[in-house]
Amino acid sequence: MKNILLHVTGSISAFKACSLISLLTKKGFNVRVIATQDALQFVGKASFEGLSHNKLETGMFNNDDPIPHINLAQNWADLIISYPCSANTISRLAAGLADDLFGAVCLANNFQKPLLIAPAMNTQMFRHPATQENLKKLESWGAKILPCGEGEMACGTVGIGRLLEPSQVFEFIEKELDL
């Protein structure tokens, strides 16, 4: 059984993380979820815990593990994925910030385990030079940047920036783990 550490950010598409968790657990993966407080505005704690069968992680100091960032990154996860990954999180990761659990996990991992980033945002936010440079920087460090879908956004515009569907992301995970 492979261990997947799933990070969920605040995005209208956060509900798709539930489908990904369900798909992964049905295929025999062990999933643990780190959710931002903004993500919890879209999907509740009970959904993440019920689907993953694991306690939700939300911060550095609200769990039983005194060093969760080290243990999750170096001892537990076989693969780390941020799905959906907001522009804010992409910027924070590219700056090397460790002011939350996921940022600390990424620094503690130091690209030793695969890190997949699945961007999800409005087209103009996705195309912004800062977002594009941050994605290139993360990729140059070793992150795998998943492609965005194109289509209608929650805001009503049409373009690139849609979150990939869970089945597509599952294929990237299997490929990354050579399954």
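Provided above is the structure to which this section pertains.
Because the structure is predicted, anything quoted here is derived from the model rather than measured.

Chemist: Summarise the packing of aromatic side chains; cite the residues concerned and give the values.
Modeler: If you walk through the whole model with that rule in mind, you get two aromatic pairs. Here F29 and F170 contribute two aromatic rings whose centre-to-centre distance is 5.9 Å and whose plane-to-plane angle is 90 degrees, an arrangement assigned as edge-to-face. With F29 in the loop between helix 1 (15-26) and strand 2 (30-35) and F170 in helix 8 (residues 166-176), this residue pair connects regions lying 141 residues apart in the sequence. As far as burial versus exposure is concerned, F29 and F170 are alike and both buried. Against the face of W76 rests R32, its NZ or CZ located 5.2 Å from the ring centre.

Chemist: Quick rundown of the pattern of salt bridges? Include the residues and the values.
Modeler: Throughout the structure, instances matching the rule amount to six salt bridges. Notably, a salt bridge pairs R32 with E57, separated by 2.7 Å at the nearest N-O pair. Of this pair, R32 sits in strand 2 while E57 is found in the loop between helix 2 (45-52) and helix 3 (68-76), placing the two residues 25 residues apart along the sequence. Judged by its relative accessible area of 4%, E57 is buried. A single network of salt bridges, built from pairs that share partners, joins K16, R162 and E165.

Chemist: Any details on the sheet that holds strand 5 (residues 144-145)? Residues and values, ideally.
Modeler: Read across the open sheet, the five strands follow the order 2-1-3-4-5; overall the sheet is parallel. For this open sheet the edge positions go to strand 2 and strand 5, each flanked by a neighbour on one side alone. Where helix 5 (residues 101-109) meets the sheet, its contacts fall on strand 1 (3-8), strand 2, strand 3 (79-85) and strand 4 (115-119), and the angle it forms with strand 3 comes to roughly 145 degrees.

Chemist: I'd like a description of unusual backbone geometry, backed by residues and values.
Modeler: Put simply, Y83 and P84 share a cis peptide bond, and its omega is -5 degrees. The residue H53 is not glycine, and still its phi comes out positive at about 65 degrees. Structurally, the position occupied by H53 is in the loop between helix 2 and helix 3. Accessibility expressed as a relative area gives 65% for H53, which makes it exposed. One non-glycine residue, N110, adopts positive backbone phi at about 50 degrees. Assessed through its relative accessible area of 49%, N110 is described here as partly exposed.

Chemist: Got a sec to walk through the pairing of strand 3? Specific residues and values, please.
Modeler: Among the seven residues in strand 3, seven count as buried, and that is most of the element. Where burial is concerned, the two faces of strand 3 agree: the one with L79, I81, Y83 and C85 and the one with I80, S82 and P84 are both buried. Examined bridge by bridge, strand 1 and strand 3 share four bridges and lie parallel to one another. The residue bridging L5 from the neighbouring strand is I80, located in strand 3. Alignment of strand 3 against strand 4, held across four bridges, turns out to be parallel. In the strand pairing of strand 4, I80 is matched with L115.

Chemist: Go over the nonpolar core, please, and point to the residues and values.
Modeler: Judged by nonpolar contacts, the single largest core of 30 residues is most densely connected at I4, L6, V33, F48, I81, Y83 and I173. Within the residue set of this core, elements represented by two or more residues are strand 1, helix 1, strand 2, strand 3, strand 4 and helix 8. Here this core takes five residues from helix 1, the largest share from any one element. Setting aside its immediate chain neighbours within four residues, F48 contacts V8, A17, C18, I21, V33, A35, L40, V43 and L56. Membership of the second largest hydrophobic core comes to 29 residues, among which are A94, V105, I117 and L135.

Cut-offs and rules
Along every chain, residues carry numbers that run from 1 in the direction the sequence is written. Predicted model: local features are reported for residues with pLDDT of at least 70 only, side-chain atom pairs are reported and counted for 80 or more only, and whole-chain, interface and lining totals are derived from all residues. Remark: hydrogens and water are excluded; side-chain values derive from all non-hydrogen atoms of the structure. Classification of ring pairs rests on two measures: the distance between centres of Phe, Tyr or Trp rings, Trp counted by its six-membered ring, which must be within 6.5 Å, and the angle between planes, read as stacked under 30 degrees, edge-to-face over 60 and tilted in between. A run of H or I in DSSP counts as a helix once it spans at least four residues, and a run of E counts as a strand once it spans at least two, with each numbered from the N terminus. For every residue, the accessible area obtained with a 1.4 Å probe (protein chains only) is divided by the maximum for its type, and the residue is called buried under 20%, exposed over 50%, and partly exposed between those limits. For a Lys NZ or an Arg CZ to count as sitting over a ring, it must be within 6 Å of the ring centre and within 35 degrees of the ring normal. We define a salt bridge as a side-chain nitrogen of Lys or Arg found within 4 Å of a carboxyl oxygen belonging to Asp or Glu. Strand pairing is assigned whenever DSSP identifies at least 2 bridges connecting the two strands. Residue contacts are defined here by distance: any two heavy atoms, one from each residue, within 4.5 Å place the two residues in contact. Interaxial angle, 0 to 180 degrees, is taken between N-to-C directions of lines fitted to C-alpha atoms, where a helix line uses only the stretch in contact. By nonpolar core we mean a set of buried residues, namely Ala, Val, Leu, Ile, Met, Phe, Trp, Tyr and Cys, connected to one another through side-chain atoms within 4.5 Å.

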